[in-house]
Amino acid sequence: MINENKLLNEANNYFLEKSYDKALFLYSQLSSFFPKNREYPIFALFCDIASEDEEKGHSLFDYFSVAKNENLDTAIAYVEDTVNAYDGDVDKMMHILEELTNSTVESLDAIRYEDFKTLIESRGSFRIAFEDIMFSTKVAIETKEDFFDFVTKLIDNDFNSTAYSYLDGFNEYFSYDSKIEELYKKLEEKKIATDHK
């Protein structure tokens, strides 16, 4: 008997560890064992995307992991639209960008963390505000305190893969900071808690 949850956790862990081939293999197995489950082919797709563009793959993974619990159909449709747009469907891409522009403050390449905090207030939650900007805008972090605050909020809102990316990206700047170690530890604890669900 196949333990579906265990296999999914393993696949997700491989993805987060950037072992996309191993993750893809397990997602493919899950897809063939459980053909009615519509999530598994989507997760397999993220492996493909991440092997070409890590940041995009991990952003989609985080978005989908959170959004599927609220409305699977909406989450799948959003991912498919985004993927089609990235595959060169310019009209779709323009439409998505337009939607993002309408639902966020402005479609900038970067938003200052102070402005992002204002967006959080106006949207009513960190998660909604971050979903608004995660594909169109980078958060420009100017201080160490803002960095730690931002990564902590990413972890608290289950954007674990994105949190890893930020920590890995800034690790060299704060490599001897105990707060970095605390955040890595917090991520590891969340991963262990998720694996045992």
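Residues numbered from 1 in each chain as written. Predicted model: local features only at pLDDT ≥ 70, side-chain atom pairs only at ≥ 80, totals over all residues. Heavy atoms only, no water.

- The name given to the protein in an unreviewed UniProt entry is Histidine kinase, and the organism recorded there is Halarcobacter ebronensis.

## Focus on the overall build of the protein
In step 1: Secondary structure summary: the protein contains 11 helices and 2 strands in total.
In step 2: Taking all 197 residues of the protein together, the buried fraction comes to 43%.
In step 3: For the protein, contacts bridging at least 24 residues in sequence account for 59% of all contacts bridging at least 6. (Helix = DSSP H or I, 4+ residues; strand = E, 2+ residues; numbered from the N terminus. Buried < 20%, exposed > 50% of the residue type's maximum accessible area, 1.4 Å probe, protein only. Contact = heavy atoms within 4.5 Å.)

## Some points on helix α8 (residues 126–133)
In step 1: Of all 8 residues that make up α8, 7 are buried, and the element is covered over most of its length.
In step 2: Residues of α8 that are buried: Phe126, Arg127, Ala129, Phe130, Glu131, Asp132 and Ile133.
In step 3: Sitting at the amino-terminal end of α8 is Ser125, which places a side-chain oxygen 3.4 Å from the backbone nitrogen of Arg127. (Polar contact = N/O pair within 3.5 Å; in protein donor to acceptor, adjacent residues only side chain to side chain.)

## Section: the nonpolar core
In step 1: One finds Phe15, Tyr27, Phe46, Phe116, Phe130, Val139 and Phe150 to be the most contacted residues of the largest nonpolar core, which totals 57 residues.
In step 2: For this core, the leading source of residues is helix α3 (residues 39–52), giving 8 residues.
In step 3: Here this core gathers at least three residues from each of two domains, domain 1 (4–85) and domain 2 (88–196). (Core = buried A, V, L, I, M, F, W, Y, C linked by side-chain atoms within 4.5 Å. Domains from an automatic or database assignment.)

## Observations regarding the packing of helix α1 (residues 4–16) against helix α4 (residues 54–67)
In step 1: At a minimum axis distance of 11 Å, the contact between α1 and α4 shows a crossing angle of 145°. Two packed elements cross with a definite hand, and for α1 against α4 that hand is left-handed. Within the contact between the two elements, α1 uses Asn12, Phe15 and Leu16 and α4 uses Gly57, His58 and Phe61.
In step 2: Its residues assigned to classes, the contact of α1 with α4 comprises 3 nonpolar, 3 polar and no charged. (Axes fitted to C-alpha atoms, helices over the stretch in contact; angles between N-to-C directions. Left-handed = near helix turned anticlockwise from the far one by under 90°. Nonpolar A, V, L, I, M, F, W, Y, C, P; charged D, E, K, R; others polar.)

## What to know about α3
In step 1: With 14 residues, α3 should reach 20 Å at 1.5 Å per residue; the first-to-last C-alpha distance of 21 Å fits that figure.
In step 2: Restricting attention to buried positions, one finds in α3 the residues Glu39, Tyr40, Ile42, Phe43, Ala44, Phe46, Cys47, Ile49 and Ala50. (Expected span 1.5 Å × (residues − 1).)

## Concerning the pattern of salt bridges
In step 1: Inspection of the entire model under this criterion finds 11 salt bridges.
In step 2: Note that Glu70 is salt-bridged to Arg127, the shortest N-O span being 2.4 Å. Taken together, the residues span a long stretch of sequence, with Glu70 in the loop between α4 and α5 (72–86) and Arg127 in helix α8 at a distance of 57 residues.
In step 3: Classification of Glu70 as exposed rests on a relative accessible area of 56%.
In step 4: Across the pair Asp158 and Lys190 runs a salt bridge, and its minimum N-O distance is 2.5 Å. In this pair, Asp158 sits in the loop between α9 (144–156) and α10 (160–170) while Lys190 sits in helix α11 (residues 178–195), placing the two residues 32 residues apart along the sequence.
In step 5: Three or more residues are tied together by salt bridges with common partners; here these are Glu70, Arg127 and Glu131. (Salt bridge = Lys/Arg side-chain N within 4 Å of Asp/Glu carboxyl O.)

## Some thoughts on the confidence of the model for the protein
In step 1: When the pLDDT values of the protein are averaged, the result is 78; 79% of them are 70 or greater.
In step 2: Here helix α6 (residues 90–103) stands out as the element of the protein with the lowest mean pLDDT, 47, in contrast to α1, whose mean of 89 is the highest.
In step 3: Low confidence marks residues 100–108, where pLDDT is under 50. Its contacts with residues over four positions away, or in another chain, come to 13 contacts. (pLDDT = per-residue confidence, 0-100.)

## Observations concerning the side chain of Asn9
In step 1: Examined against the element boundaries, Asn9 turns out to sit in helix α1.
In step 2: Beyond its immediate sequence surroundings of up to four residues, Asn9 is in contact with Thr194 and Asp195.

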